[in-house]
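What follows is each chain in one-letter form.
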Amino acid sequence: MRIGLTGRLKAAPTCAGLLLAAVWLLPLEAHKPITSPYTFAEDVAPILRERCAACHAAGGPAPMPLTTAEETVPWGESIRLELVSGHMPPWSAMSNGKRLPHAEGLTARELNVLLTWVTGGTPPGDPKPVPPAAPTANWPLGAPDLTLPLPEVSVAADQGEVTRQLVVPLDAAVRRPLRAVDLRPGTRSLVRSARVTVRSASAGAEAEQVVALWVPGDQPVGLPAGLGFAVPPDAELVVTLRLKKTWEHEREAMSDRSTLALYFADPRATAVRSFGLGRAAYPPPVPSGVAGGNVASETVRVPTRLFAFYPTAAAAGAKISIDVATDGARLQRILEFTAQRGWERRYWFADPIDIPAGARIQTAVTFDPLPATAPQGPLVIIDALTSVP
Amino acid sequence: MAKLFALALVLAGASLLAAQKAPPALPPVSMTCPMHPDVVESKPGSCPLCKMNLVPVRLDASWMCPVHAVVIEQQAGTCRLCGRALVPVTVSLTWTCRGEVNAEFLEPGVCRDGSPRIGKRTLRPHGNHNPQHGGQFFMAPDTWHHLEGTLPRERLFRLHLYDDYARALPPAALTAMNARVITRQRFDAATRTTIEDEAFTLKPSKDGRSLEAAISRAALPAAMTVKVRFKPDTPEYRFDFTFRELTKEPAGATLVASRPTAKPRAAAPPATPTTPVETAPAYTVPTEPLPGTMAELLADLARRRDEVRVLVQKGDFGAVWVPAFQAKDVAVALEPHVDHLAPQERSHAEPALADVVRTAWQLDAAGDTGNAEEVGKAFTLFTEAVSRLTDAFSTTQP
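Within every chain, residues take consecutive numbers counted from 1 along the sequence as written. The naming scheme follows written order: chains are lettered A onward, ligands numbered 1 onward. Local features in this predicted model are restricted to residues whose pLDDT is 70 or higher, and side-chain atom pairs enter the listing and the counts only when it is 80 or higher, whereas totals over whole chains, interfaces and linings include all residues. The side-chain quantities take in all heavy atoms of the structure and omit both hydrogens and water.

## A look at the overall build of chain A
Across its full length, chain A holds five helices and 19 strands. Only protein chains enter the accessibility calculation, which uses a 1.4 Å probe; a residue is then buried when its area is under 20% of its type maximum, exposed when over 50%, and partly exposed in between. When each of the 389 residues of chain A is scored for burial, the buried share is 48%. Summed over its atoms, the accessible surface of chain A is roughly 17700 Å², and 54% of this surface lies on carbon and sulfur atoms. Only runs of H or I of at least four residues qualify as helices and only runs of E of at least two qualify as strands under DSSP, and these elements are numbered from the N terminus. Computed with a 1.4 Å probe, the accessible areas rest on the Shrake-Rupley method; for each residue, only the protein chains presented here act as cover.

What follows is the structure, given as structure tokens:
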């Protein structure tokens, strides 16, 4: 192979100053000497397919598909920044001893392969066609007991992000305890999150029960048999959709019509209830830019089974750790996560945690920096069964 | 971020340890612009700046004399001309033929006259991140400027500025810069700002080749910060230097590459008539083998962490990446061992392993740019991750 250096060699003496000036005026971002032993085809594509394709695929909520080397290479530096900062993948939870199903973090090897590849020249490897990502099931929990098409919501051409609240009346026949609720977006590239609650006038606003927190790529989890979220006789569903365009669709009018899937529990199911933890305890005003937070403890009065935790909107951005101490025992960390903005999700335990009466649940919340005004209300919600047999 | 020659050496180790792949006979082919060598792509196309067609290039690791750039060797050693220690650099590798000055080939082979092609190594951008005046060398966040701080005398701080080839910038470029060296500063917790108690404007030296400032007598070790704006419309960048002794201008055979990565390369196999330059690719540079047992790996991890700590404390930020990357290689090697852990420890160890890898890359990025605050943050996270990992594995150790 002959390389075209002739022109460069001849021109070098006369163009050296010009070249220096050009580079001086236009500092270039990167040179990419290929030092990575990992290639896209052999090493990177399988990781992206497994870990990222739920969002980073054509039509997905992430604006950049990462399914081929051609698509991925231009994003190399962005990928590096996102991975090194821990922003991506959007999963920050650690549990101590209780596995979290569907954990979406990268392993040490996967992280190292991706970072080595993006900083090592992004070699494509064998350009064989990358097999498409495995098609995801329509409904990961299986056929729903009931599907509810939601009303169409739109985002005007001059809007980038909107939040829409939809109220879904329930017929008396379907006001049954819920084992799980899932959502299928109509326009995948538009729907960024959904929060589904059961609202009942008779139960009061305080009793509004969150039955689903949906984010792209998240796998729904159902309550164990015999348990369910209560649905009072006058209940209705409230769906809060956050819609955000990717830059590909800027100045486009867009719309979405998502579908809810309801999975009913046994009509006699025992109700799983939600409790607020970790109320903010610092008085405003706070110094700007200072990290801080508070530690709150709650003592459970009856044997309790813990199923899941999720942060409230007030905890957005905070680092949260939850420990449990039974009488005379030291605190044991059961969950630690960061309430990543825009990625509010429920952290389910694969195996519920039983704690005895008198046990203490300690919630430590750290903001960095503290918000200018103290958050109101609880910062963490726990889904629990308080009538453990 | 653009990666450096030094990274190539570490990746070399990573590849040896992590992948059971037969290394290619030659370094892989990249595509570069004939007029803008900073543009290097992995596939054919056109230059985003001038639209010229990209041309292929092979990038490799070599050793160069810091003074005589024509001396580029395949192995560590001393300069044939002056005896100085060679420093690691990244080069492009080509072959040519005698009497055919314009002939450039990407592979070894035979010339038209039947003689073997002659290997040639040419310095690449960012191929040389070695200090040239015995000081501390950093890359600016804009990835184009490079600088080196020296303390030649107790009352004199000097700043040398380079381009992406580590070539000294012309005097005209230096006069356009706004830079100062801060020798005394404190953090005000109330306002969360840094107050500069003693700062000196850096001005062009008499010969115009560097910026310098007469400073108060520096007590060693001397920590000082440079803040520089390369052009009026560019951000101000911060670089933290720590001098444990006065800087000595390298002279003759006493010059030693500051980067501890200058490990000797494996001896090149004997040349054959068709391969006048045997090119072991950059990532076949030998590295220390990782230990095999979990206990040994954990001990190695602790050793790497301590090495990072020493370098951070010394202010030798440019070298932090070496033990940091070795630590992340240990973390990757430890990953299979989590299968032996109880569920509780395992769920703790897995995120800690990933965090060791992530924070090692953070240390690398922060160290490159010589920002003490960023290095400190990354080091705190790194040590936390190592501690969590050690705790998780502690129950299984004898």
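On we go from here.
## Details of the pattern of salt bridges
All names here are of chain B. The salt bridge definition used is simple: a Lys or Arg side-chain nitrogen within 4 Å of an Asp or Glu carboxyl oxygen. Throughout the structure, instances matching the rule amount to 34 salt bridges over all chains. Measuring nitrogen to oxygen at the nearest pair gives 3.0 Å for the salt bridge that ties Asp197 to Arg186. You can see Asp197 sitting in strand E12 (residues 193-201) and its partner Arg186 sitting in strand E11 (residues 178-188), a full eleven residues away along the chain. Relative accessible area serves as the criterion here: at 33%, Asp197 is assigned to the partly exposed category. The class for Arg186 is partly exposed, based on a relative accessible area of 44%. In this structure, Glu373 and Lys377 form a salt bridge, with 3.9 Å as the shortest nitrogen-oxygen distance. Taken together, the positions of Glu373 and Lys377, both in helix H6 (residues 372-394) and four residues apart, correspond to about one turn of that helix. Residue classification places Glu373 among the partly exposed positions, given a relative accessible area of 44%.

## Focus: helix H4 (residues 76-85) of chain A
Every buried residue belonging to H4 of chain A is among Gly76, Ile79, Arg80, Leu83 and Val84 of chain A, and all of these are buried. Down the axis of H4 of chain A, the buried side of the element spans an arc of 120°, and every buried residue falls inside it. In this analysis, two residues are considered to be in contact whenever any of their non-hydrogen atoms come within 4.5 Å of each other. Buried-residue contacts for H4 of chain A involve helix H3 (69-72) and helix H5 (108-119) of chain A together with helix H5 (343-369) of chain B. Phi turns positive, to about 85°, at Gly86 of chain A, one or two residues after H4 of chain A. Regarding the arc, it is the one traced by the directions from the helix axis to the C-beta atoms.

## A short note on the pairing of strand E15 (residues 319-325) of chain A
Residue and element names in this part refer to chain A. For E15, the tally of buried residues reaches six of seven residues, placing the bulk of the element in the interior. Relative to strand E16 (residues 332-338), E15 runs antiparallel, the two being bridged by six bridges. Bridge pairing in E16 places Lys319 opposite Thr338. In sequence, E15 turns back onto E16 through a hairpin of six residues, with Gly328 there showing a positive phi of about 75°. When E15 meets strand E18 (residues 360-367), the two strands line up antiparallel, connected through seven bridges. Bridge pairing in E18 links Val324 to Ile361. Strands were regarded as paired on the criterion that DSSP finds at least two bridges between them.

Read these as spatial facts, not as claims about activity.
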